[in-house]
Amino acid sequence: MKKEKVKAAVADALGAAGLCSELTISGRREIMAHGCLAILCYSESEVKLRLSDMILTVCGTGLTMKSYFGGAVRVSGRLTGLHFES
């Protein structure tokens, strides 16, 4: 139990320092990515983001970026896949 609390505290600290990204997925319609450093590719079928600790590719149809502020990106559309790169 103590180990889990330590892991959670470290994850929170890394996220607050911008060293660890955080993803929130709402069904198959939307993903929110925190810790975005750059938008590498943006089209209706693919959005590629450089996050603080990985590169994330969101695949789908009708993809749109609803917001990009303070390192947080919201992508909406019909999500069909996620790809993670180191």
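Above: the structure in question.
Residues numbered from 1 in each chain as written. Predicted model: local features only at pLDDT ≥ 70, side-chain atom pairs only at ≥ 80, totals over all residues. Heavy atoms only, no water.

Below, the discussion takes up the overall build of the chain. Helix and strand content of the chain: one helix and six strands. Starting at the N terminus, the α and β elements of the chain follow one another as α-β-β-β-β-β-β. The proportion of buried residues among the 86 residues of the chain is 26%. When contacts within the chain are restricted to residue pairs at least 6 apart in sequence, those whose partners lie at least 24 apart make up 42%. Just so you have it, the chain exposes about 5,500 Å², and 57% of that area is on carbon and sulfur atoms. (Helix = DSSP H or I, 4+ residues; strand = E, 2+ residues; numbered from the N terminus. Buried < 20%, exposed > 50% of the residue type's maximum accessible area, 1.4 Å probe, protein only. Contact = heavy atoms within 4.5 Å. Areas by Shrake-Rupley, 256 points an atom, 1.4 Å probe, with all protein chains shown as cover.)

A word on the sheet that holds strand S2 (residues 30–34). Here six strands make up an open sheet; going across it, the order is S1-S2-S6-S5-S4-S3 and the pairing antiparallel. One side of each edge strand has no neighbouring strand; the edge strands of this open sheet are strand S1 (22–26) and strand S3 (36–42). The average undirected angle you get between the axes of adjacent strands in this sheet is 45°. Examined bridge by bridge, S1 and S2 share five bridges and lie antiparallel to one another. (Pairing = 2+ DSSP bridges. Axes fitted to C-alpha atoms, helices over the stretch in contact; angles between N-to-C directions.)

What follows deals with a nonpolar patch on the surface. A grouping of Ile25, Leu82 and Phe84 is seen on the molecular surface, where their side chains present a nonpolar patch of about 270 Å² in accessible area. By the element assignment, Leu82 lies in strand S6 (residues 72–85). (Patch = residues over 30% accessible without salt bridge, like charges linked within 9 Å, V, L, I, M, F, W, Y side chains within 5 Å. Salt bridge = Lys/Arg side-chain N within 4 Å of Asp/Glu carboxyl O.)

Mapped onto the elements, Thr57 comes out in strand S5 (residues 55–69). Those residues in contact with Thr57 that lie beyond four places of it in its chain are Glu46, Val47, Lys48, Gly81, Leu82, His83 and Glu85.

Right, let's talk about the side chain of Ser76 for a bit. Residue position: Ser76 is located in strand S6. Here Glu30 takes part through its side chain, which lies 3.1 Å from a polar atom of the side chain of Ser76. Beyond its immediate stretch of four places on either side in the chain, Ser76 contacts Arg29, Glu30, Gly62, Leu63, Thr64 and Lys66. (Polar contact = N/O pair within 3.5 Å; in protein donor to acceptor, adjacent residues only side chain to side chain.)

It is worth stressing that arrangement in space is one thing and function is another; only the former is reported here.
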